[in-house]
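A look at the structure
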Amino acid sequence: MNKLVAECFGTFWLVLGGCGSAVLAAGFPEVGIGLLGVSLAFGLTVLTMAYAIGHISGCHLNPAVSIGLWAGGRFPANQLLPYIVAQVIGGLIGGGVLYLIATGQAGFDVGGFASNGFGEHSPGGYNMTAALICEVIMTMMFLLVIMGATDERAPAGMAPIAIGLCLTLIHLISIPVTNTSVNPARSTGVALFAGDWAISQLWLFWAAPIVGAVLGAIIYKYIGAKSK
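Below: a short report on this structure. Note that this is a predicted model, so its numbers are computed, not measured.

Looking now at the pattern of salt bridges. Summed over all chains, the structure comprises 2 salt bridges. Salt-bridge contacts for Arg74 lead to Asp151; the nearest nitrogen and oxygen are separated by 4.0 Å. Taken as a pair, Arg74 in the loop between helix 3 (63-71) and helix 4 (80-102) and Asp151 in the loop between helix 5 (128-149) and helix 6 (159-178) lie far apart in primary sequence, 77 residues in all. Residue classification places Asp151 among the buried positions, given a relative accessible area of 10%.

What follows is the structure, encoded as structure tokens:
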């Protein structure tokens, strides 16, 4: 149970920190943090939680990561569903707390609420195909980095830094395309507060990251196989 509680709190922090930076701070007049700041915020949530709870739950914070680690032989199948449920609950709590804070401002407009989208709901107007490809590739690379950084042959204690910086880079690349998901729990946590369009497009931000995560795990199993 302590692992599930850790995953719940970790995903809560990811959504509150990452999406909170986008909703509350990115567009603040004259001194807003912009896309670079939001990218760093997402990376920092994972980096800080990896050091805080990595030794407890592994710090997945992401259903796609859990599924990818299972596909890569690093995580047992019987823990998949409990982890995913804990992550989604944490994401929803994070979205709820962010909503309570954001609506404390007079005249606040929920708008997209840092939700992921494609077509007219893509920050840069990218279509569904572009969004699908982007999310698959970004999550694939994320899993490859996660598995490589946590390999027993990798430098000890450095995995959180590599993983956090990888997530930062992913956001720097893909925020204009989809607002960056690579994490179904993150997407779900804010979509329910954004409205119908975010919910109707949510399927892509479950399917694409899961496919990408499995691909990344398979690729790393091949390139990271120990020589006989």
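It is worth spelling out helix 3 at this point. Where burial is concerned, most of helix 3 is hidden: 7 out of the 9 residues are buried. Every buried residue of helix 3 is listed here: Pro63, Ala64, Val65, Ser66, Ile67, Gly68 and Leu69. Two to three positions downstream of the cap, the backbone nitrogen of Ala64 sits 2.8 Å from a side-chain oxygen, assigning the N-cap of helix 3 to Asn62. After helix 3 finishes, the residue Gly73 shows a positive phi value of roughly 80 degrees.

To continue, consider the packing of helix 3 against helix 5. The N-to-C vectors of helix 3 and helix 5 enclose an angle of 60 degrees; their axes lie 10 Å apart at closest approach. Taken together, the axes of helix 3 and helix 5 lie oblique to each other. Considering the relative orientation of helix 3 and helix 5, their crossing is right-handed. Contacts between helix 3 and helix 5 pair Ala64, Val65, Gly68 and Leu69 from the former with Thr139, Phe142, Leu143, Ile146 and Met147 from the latter. Along the lines of polarity and charge, the residues of the contact of helix 3 with helix 5 split into 7 nonpolar, 2 polar and no charged.

Relative to the helices and strands, Ala217 is located in helix 9 (residues 204-223). Accessibility expressed as a relative area gives 0% for Ala217, which makes it buried. Considering only alpha carbons, one finds Ala217 and Leu169, 48 residues apart in sequence, at a separation of 19 Å. If we skip the residues at most four places from it in the chain, Ala217 touches Gly68, Ala71, Gly72, Leu143 and Met147.

The backbone of Ala114 sits at a positive phi, close to 60 degrees, despite the residue not being glycine. By the element assignment, Ala114 lies in the loop between helix 4 and helix 5. A positive phi angle, near 75 degrees, is found at Asn179, a position not held by glycine. Among the secondary structure elements, Asn179 is positioned in the loop between helix 6 and helix 7 (184-194).

One pass over the full model with this rule turns up 5 aromatic pairs. Measuring from centroid to centroid gives 6.0 Å for Phe113 and Phe193, while their planes differ by 55 degrees, and the two rings are tilted. You can see Phe113 sitting in the loop between helix 4 and helix 5 and its partner Phe193 sitting in helix 7, a full 80 residues away along the chain. Residue class for Phe113 comes out buried when judged on its relative accessible area of 2%. Through a chain of ring-to-ring contacts, the aromatic side chains of Tyr99, Phe113 and Phe193 assemble into a single cluster.

All right, on to the packing of helix 3 against helix 9 then. For the pair helix 3 and helix 9, the least separation of the axes is 8 Å and the interaxial angle reads 30 degrees. What the angle tells us is that helix 3 and helix 9 run roughly parallel. Crossing geometry of helix 3 relative to helix 9 is assigned as right-handed. Seen from helix 3, the contacting residues are Pro63, Ala64, Ile67, Gly68 and Ala71; seen from helix 9, they are Trp206, Pro209, Ile210, Ala213, Val214, Ala217 and Lys221. The residue makeup of the contact of helix 3 with helix 9, split by class, is 10 nonpolar, 1 polar and 1 charged.

So, how was this worked out
Residues numbered from 1 in each chain as written. Predicted model: local features only at pLDDT ≥ 70, side-chain atom pairs only at ≥ 80, totals over all residues. Heavy atoms only, no water. Salt bridge = Lys/Arg side-chain N within 4 Å of Asp/Glu carboxyl O. Helix = DSSP H or I, 4+ residues; strand = E, 2+ residues; numbered from the N terminus. Buried < 20%, exposed > 50% of the residue type's maximum accessible area, 1.4 Å probe, protein only. Polar contact = N/O pair within 3.5 Å; in protein donor to acceptor, adjacent residues only side chain to side chain. Axes fitted to C-alpha atoms, helices over the stretch in contact; angles between N-to-C directions. Parallel < 35°, antiparallel > 145°, perpendicular 65-115°, else oblique. Left-handed = near helix turned anticlockwise from the far one by under 90°. Contact = heavy atoms within 4.5 Å. Nonpolar A, V, L, I, M, F, W, Y, C, P; charged D, E, K, R; others polar. Phe/Tyr/Trp six-rings, centres within 6.5 Å; stacked < 30°, edge-to-face > 60°.

By themselves these figures say nothing about function.
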